[in-house]
Amino acid sequence: MAKKIFTLSIGEELEDISVEQLLKREFHLSKREISRAKFQENGICLNGEKVRVNQKVKKGDCLTVSFEEEKTSNILLPSEGSLCVLYEDEDLLIVNKPPMIPTQPTGRHAARSLCNLVYAYALEREMTPLIRPVGRLDMETSGVVVFAKNQIAASRLSAQRENGTFEKIYYAFVAGKMENRRGSICEPIGAVGCGEGRERIKMQVCAEGKPAVTLYEAVRNYENMALVRLRLKTGRTHQIRVHMDWLGHTLLGDQLYEEKEHVSPLFSRAALHAGEVKLQHPFTGESICVSAPFPEDFCKADRELLNAEKIYGFSAAPEEKR
């Protein structure tokens, strides 16, 4: 079984505090997480001995908390391929997803997804293969994807997504100049119907849809297109694609929403890239900001994006590594 172990040496400033208080204050564990640890073998120990949570600690004591997780499902298969790692520590793995690969396995891509690549990466390094994606990107979308290496990290990052602490910033090439350089779209989104497979689900702005809020800012206008920075306040399927189409600035290359006579030759997929993620480390609380470099098709559309580090804080895609 995969384990996550926390250790704390008790100094004078922590003396006479109960184990439960320390677990909440120092390890940031919830009541539910503490209860779960209590009933695991050697889940909560003081100086190597299992202890009740109302026990008070003394200077020089060593408190350890251990979480065990279920074995990985044998449904997931390792996949050959390169993986661009942007950030990694004992709890997080943040990678740059290439376009035209699903985040998670699907029927047609059961052995070829980002999760399969991450699984192979973990096995090669003798890490726990229980690495969970925190959110996902559409198959056509490139950019930053966060994986949690343990269940507690996954739960805490999911909570951050709910409260807005976890935030992604997207970039898109859209049709037409944007006269209104910035604004917000607050139109509800609902399904139109299904085509072949989940990837072909089409959405639309409609009164009976779910609330959706997208903030946008044009960072560069061209003769007949624009590069836009976007932030989401909600996470609806195809939200950016639907909202920008509703605004009259369909994503270039988006064959699901773009009018056939206006299909752009610049992109063979919807021109959307998750460029940055901002979050708090699930255990230390440290603020983390990670950038995913622009993919090749973005740089072909505008060669200056090769030096985008000077403009937006990150550059063109580096060579991927395994």
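Residues numbered from 1 in each chain as written. Predicted model: local features only at pLDDT ≥ 70, side-chain atom pairs only at ≥ 80, totals over all residues. Heavy atoms only, no water.

**Describing the overall build of the protein chain**
Of the regular secondary structure elements, the protein chain holds seven helices and 16 strands. Across the 322 residues of the protein chain, 48% fall into the buried class. Here the analysis covers contacts within the protein chain between residues at least 6 apart in sequence; of these, 64% occur between residues at least 24 apart. Taken as a whole, the protein chain presents about 16600 Å² of accessible surface, with 46% of it coming from carbon and sulfur. (Helix = DSSP H or I, 4+ residues; strand = E, 2+ residues; numbered from the N terminus. Buried < 20%, exposed > 50% of the residue type's maximum accessible area, 1.4 Å probe, protein only. Contact = heavy atoms within 4.5 Å. Areas by Shrake-Rupley, 256 points an atom, 1.4 Å probe, with all protein chains shown as cover.)

**What about the nonpolar core?**
By size, the foremost hydrophobic cluster in this structure holds 67 residues, and its most contacted members are Leu23, Ile44, Val65, Phe147 and Leu279. Setting aside residues up to four positions removed in sequence, phenylalanine 147 forms contacts with Asp91, Leu92, Leu93, Val95, Leu114, Cys115, Val118, Ile131, Arg132 and Pro133. Within the second largest apolar cluster, 17 residues are counted, among which are Met225, Leu227, Cys299 and Phe314. (Core = buried A, V, L, I, M, F, W, Y, C linked by side-chain atoms within 4.5 Å.)

**Let's talk about the pattern of salt bridges**
For the coordinates displayed, the defined rule picks out 13 salt bridges. Lysine 24 serves as the salt-bridge partner of glutamate 20, at 3.9 Å between the closest nitrogen and oxygen. Residue glutamate 20 and its partner lysine 24 are both found in helix 1 (residues 19-25); the two are separated by four residues, about one turn of the helix. Accessibility expressed as a relative area gives 41% for lysine 24, which makes it partly exposed. Glutamate 26 serves as the salt-bridge partner of arginine 25, at 3.1 Å between the closest nitrogen and oxygen. (Salt bridge = Lys/Arg side-chain N within 4 Å of Asp/Glu carboxyl O.)

**Structural notes on the environment of leucine 14**
Within the secondary structure, leucine 14 sits in the loop between strand 1 (2-9) and helix 1. Those residues in contact with leucine 14 that sit more than four places away from it in its chain are Leu8, Ser9, Leu22, Arg25, Glu26 and Val57.

**Here's the deal with the side chain of aspartate 297**
If you trace the backbone, aspartate 297 turns up in helix 6 (residues 296-301). Classification of aspartate 297 by relative accessible area gives buried; the value is 17%. Here arginine 269 takes part through its side chain, which lies 2.8 Å from a polar atom of the side chain of aspartate 297. Those residues in contact with aspartate 297 that lie beyond four places of it in its chain are Phe267 and Arg269. (Polar contact = N/O pair within 3.5 Å; in protein donor to acceptor, adjacent residues only side chain to side chain.)

**Here's the deal with a negative patch on the surface**
A contiguous patch of negative charge on the surface is contributed by Glu12, Glu13, Glu15 and Asp16. In this fold, aspartate 16 is placed in the loop between strand 1 and helix 1. (Patch = residues over 30% accessible without salt bridge, like charges linked within 9 Å, V, L, I, M, F, W, Y side chains within 5 Å. Lys, Arg positive; Asp, Glu negative; His and termini not counted. Charge placed at Lys NZ, Arg CZ, Asp CG, Glu CD.)

Remember that the coordinates give geometry; whether it matters functionally is a separate question.
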